[in-house]
Structures are given as C-alpha cells and as structure tokens.
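Here are the chains, one letter per residue:
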Amino acid sequence: MPDKKTLLSSIPSVDELLNNENIKKLLEIYPRSVLVDSIREFLQEYRNSILHASDIDKLVLNENSIIDGISLYVKKKMSNNLKNVINGTGVVLHTNLGRACISSSVIGDLVKISSRYSNLEMDLDKGIRGSRYDHVEDILCHLTNAEAAMVVNNNAAAVMLVLSTMAKCGEVIVSRGQLVEIGGSFRIPDVMAQSGAKLVEVGTTNKTHLWDYEKAINENTKALMKVHTSNYRIFGFTEEVASEELVSLGREKGIPVIEDLGSGMLLDLSKYGLPYEPTVQEAVASGMDVVTFSGDKMLGGPQAGIIVGKREYIEAMKRNPLTRAFRVDKMTLAALEGTLKLYLDKDRALKEIPVLKMLTEDNKDIRKRAEKLYNRLISSLPDSFFISMEDDYSEVGGGSMPMHRMPTTVISLYSDRFTVNQLEKKLRSNEIPIITRINKDKVLIDIRTIWEDEFNVIEEALIRALK
C-alpha cells in the first residue's frame, strides 16, 4: 500500500486540473479566479486529510474524487450565505429563520419594484418629489383608523424615533412591569436612553396603579408610555392601568400617551383558539396619541417598525433627522403594501398570509398533510429508519404569545445507523437546510411550518443521509 509521501506526490497540480475537461466545464459557470482559488484551497484540505489520517487505507484518493470534491467546494463557495431553509421546528415566527414569510401573492410586485425603477419618492400626479411614506400611509390609516402613519426599519427604531421626537430631553413615565427586553439583549430602557428621553419608572413589577403615573408627573414630563408585554406574562397578584385610563390622565394633564404594542395584530385571532391580544385598532380607538408595532411578526409582513397616530406627531417624526437613518427601502414598502392590501379582505388574509394561515390551521388538516409525508417516507426509507407520526405542540415564536402552545402533528425519526444529533446535523447540512428539533432521542419535523412542495426535499435529504 502507498505511504503518505507517495499519496501526496500523486496529487495533480493546479495547472493539470485546469486542463481537465470536467474542470473546464466549471470555467463556463464560475469566474476563473474563484475556481483557481477553490482548487488551491481544496487541494490544501486534501493534503491535510492525508497528513492527519490515522488509517490511509480508508482514504479514497484518485483524480475523479478530487474533481468531484472541487466541484462541490466551488459550488458551496459561490452559493449565497443567505438561503432558503425548511422550518421543521413548528415555531411560526422563528427569529433565527427570518420570522414572517411573505405571501406568495405579494412576490410578483416585489420582484417588479426591486428590479426596475419605481416612483419611490416621486409624486406622479404633480410631477414633483414625493414622500416614500405616502405609499403605505393611506392603507395603514384605513386599516387602523389612525389619522396618520409612517414606517421605519424596525420597531425598536420606531420607538426610538417616537421618543426622540416627542420626549427628547424630557421625562417619559413607564410602568416598572413593562420594561421589557426585546431580544438580542436590547431593552426598552436602553432604547429610551439613546433617544434622549429620561425614563421614569413607576409602580412595582406586578402592580402599577393610575395614581403611580399621576404622582410622577411634573413640569419635565413629556409623555406617558405603555409597553405591551407581548413576550412574557406575569400571573397572580397583578394589576396594570387600562389604555383608556392612561389616555384620560394624559388628556387631563396635557401630556401625550404612547403605546408600543410590539407584535402588532390587525385581526383578533382568539376565535381560532389563540389567546386574546390587543389589536392596533383597539389601541388607536382607546385614544392613544401614537402606537408602534412590528411588521414582521403577527402582521405577517416584512421587517418594519410601523407608527400610527395623531397627525401632528407623525408629521414631526417625518422631519426628525433620525428618520433618514431609519428609513425603509422600496422592497420593504412593496412587501408591506402588498401584505396590508390582503387585510382588506379578512378571509383572504387568513388564507394567503403564511403567518395567519399557519397560526389558524386546524390540527386535523395538519395531520392530513403529515400523513402524506409519512407515507412517502415509509415507502422510500429502509428499515434502519424508525418513523412515526406523533401529537405535539407548535409555538408562535417571535416574542409573541409566549404561553400559548398549538396542537400539531410531527414526524418522529431516529435511526440505528447514527445518533439523533448526527441526523439533525445531516438534515441541517443539506443543500436546502432542514431545521428540526430533538426531543427524547428523536428528531421531530413539525408539519405546521412546512409547505407540501418541501416534502420532496425532506425525502431526498433523508435518503442521502444513509449514504
């Protein structure tokens, strides 16, 4: 058998490989510089595998394996870092997986707007420069009954812009029980500090009364603020001030009242078995001067921070220099406008907005879809795979409805060929990664968050996992 030195000397050079017919075909697909660098990098890894091999008899070393390896290496190198994945976790608003999926009915307009010129900041009727916010302001006002509206790049930016405009160098009174952390270690007090407003905490963690706010009001008070605790719940001996009461106090004292709804819902989904959450329309109807919420959570649209409320405050925000830093682009506006228009027909919204469809889908329908995948896997996978359908629970995710679990059906998998951690990694390393969860030594694939046209990818990935 050849020793390591012999194997190393048998590796073809870069120039030799570039003259190979299969490599020449790759030059028709990839830039020469990228291919040459990939060959060099792959050959170095190839040499290292020989040098560190404990048993060279197990190495498959020939020119064909090198060429196949280079092909895979350059393909992976040139593939996008941001790519589609299959969400088998059952977490509908999975922050790590991009939160809300945009409705397919919106994609056509989104592609057209992003690939050609548009009237982003042009008033076509007057032939003069317009405002990018006009494209969504009317429909936001129609859906929420607000006087005015605008959009920035996320809800944290929305909160910062609101506070910077309405309360910079002044005090904002907030209940201690509403000083939430919104993810990624970003906290409402930190956002408030960056806006230039001073936080004044009132009440206790579990109880805040109207008189707590009233006692804290002074000549420096610029706003009263309510933060909806959408990503956690406090139970038991608790009390918070109703929006209408806070608004009434604000009116009496001549102080504007702000509400950060966080997730932001335009439809009440409680009739579909989900917990009640205050809607944007209810917040506006309570008399709030300004309401902020996210676009890519319960709304089911793109990442955005949406601000609705009284016109005098919204117009002042549009003039704030921070608006330039926080502004949204044409793709966000196109996706948001398309999503909002689906809400003009409630039934269509529930059917065509993926987040709403997934959250309201009956488990009987989920089970029917699970049976389709189960039957395919039973037919195509060998006995070394142990496959079953099981009842389980999905989660809303995205810091929304933290206590709610939705009955679902999962495909449960394990194999005597490898551990569940190895199987999970194989699926995650698939060309189209399949993200699953592990429970009790089984890999679970939750059907709630999977499209049927993804079944084939899952089936093929599991077949390849055995090779």
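Refer to the structure printed above.
Cut-offs and rules
- Residues numbered from 1 in each chain as written.
- Predicted model: local features only at pLDDT ≥ 70, side-chain atom pairs only at ≥ 80, totals over all residues.
- Heavy atoms only, no water.
- Helix = DSSP H or I, 4+ residues; strand = E, 2+ residues; numbered from the N terminus.
- Buried < 20%, exposed > 50% of the residue type's maximum accessible area, 1.4 Å probe, protein only.
- Contact = heavy atoms within 4.5 Å.
- Pairing = 2+ DSSP bridges.
- Axes fitted to C-alpha atoms, helices over the stretch in contact; angles between N-to-C directions.
- Core = buried A, V, L, I, M, F, W, Y, C linked by side-chain atoms within 4.5 Å.
- Patch = residues over 30% accessible without salt bridge, like charges linked within 9 Å, V, L, I, M, F, W, Y side chains within 5 Å.
- Areas by Shrake-Rupley, 256 points an atom, 1.4 Å probe, with all protein chains shown as cover.
- Salt bridge = Lys/Arg side-chain N within 4 Å of Asp/Glu carboxyl O.
- Lys, Arg positive; Asp, Glu negative; His and termini not counted.
- Charge placed at Lys NZ, Arg CZ, Asp CG, Glu CD.

Q: For this particular structure, what's the right way to read the overall build of the protein?
A: For the protein, the count of helices and strands is 20 helices and 16 strands. Seen along its three principal axes, the alpha-carbon backbone of the protein occupies a region of about 90 × 55 × 40 Å. Residue burial in the protein is summarised as follows: out of 467 residues, 48% are buried. Summarising the internal contacts of the protein: among those between residues at least 6 apart in sequence, 74% fall at separations of at least 24.

Q: Explain unusual backbone geometry to me, please; I cannot follow it from the model alone.
A: For residues that are not glycine, phi is negative in most cases, and the peptide bond is trans in most cases. Not every positive phi belongs to a glycine, and Cys-169 is a case in point at roughly 65°. Along the chain, the position of Cys-169 falls in the loop between helix H8 (155–167) and strand S6 (171–175). Judged by its relative accessible area of 73%, Cys-169 is exposed. Even without glycine at this site, Lys-440 takes up a positive phi of about 50°. Residue Lys-440 is classed as exposed on the basis of its relative accessible area of 72%.

Q: What is the right way to read the sheet that holds S6 from this model?
A: One key point about sheets: their strands pair by backbone hydrogen bonds, in either a parallel or an antiparallel sense. Pairing within the open sheet is mixed, and its 7 strands lie in the order S5-S11-S10-S9-S8-S6-S7. Strands at the two margins of the open sheet, each flanked by one partner only, are strand S5 (148–152) and strand S7 (198–202). Neighbouring strand axes in the sheet, compared pairwise and without regard to direction, differ in orientation by 25° on average.

Q: Honestly, the nonpolar core in this entry has me stumped. Any pointers?
A: Generally speaking, soluble globular proteins have nonpolar side chains that are buried together. Counting residues in each nonpolar core, the largest one holds 58 residues, and the members touching the most others are Leu-269, Val-291, Val-308, Leu-340, Tyr-343 and Leu-359. Those residues within four positions of Val-308 in sequence are excluded, and the remaining contacts are Thr-144, Ala-146, Ala-148, Ala-149, Val-280, Val-284, Asp-289, Val-290, Val-291, Phe-293 and Ile-314. Residues Val-159, Ile-188, Val-227 and Met-317 belong to the second largest nonpolar core, which totals 29 residues.

Q: Help me understand a negative patch on the surface, please; the structure alone is not making it clear to me.
A: A contiguous patch of negative charge on the surface is contributed by Glu-244, Glu-245, Asp-268 and Glu-282. Position of Glu-282 among the secondary structure elements: in helix H12 (residues 280–285). The class of Glu-282 is partly exposed, set by a relative accessible area of 36%.

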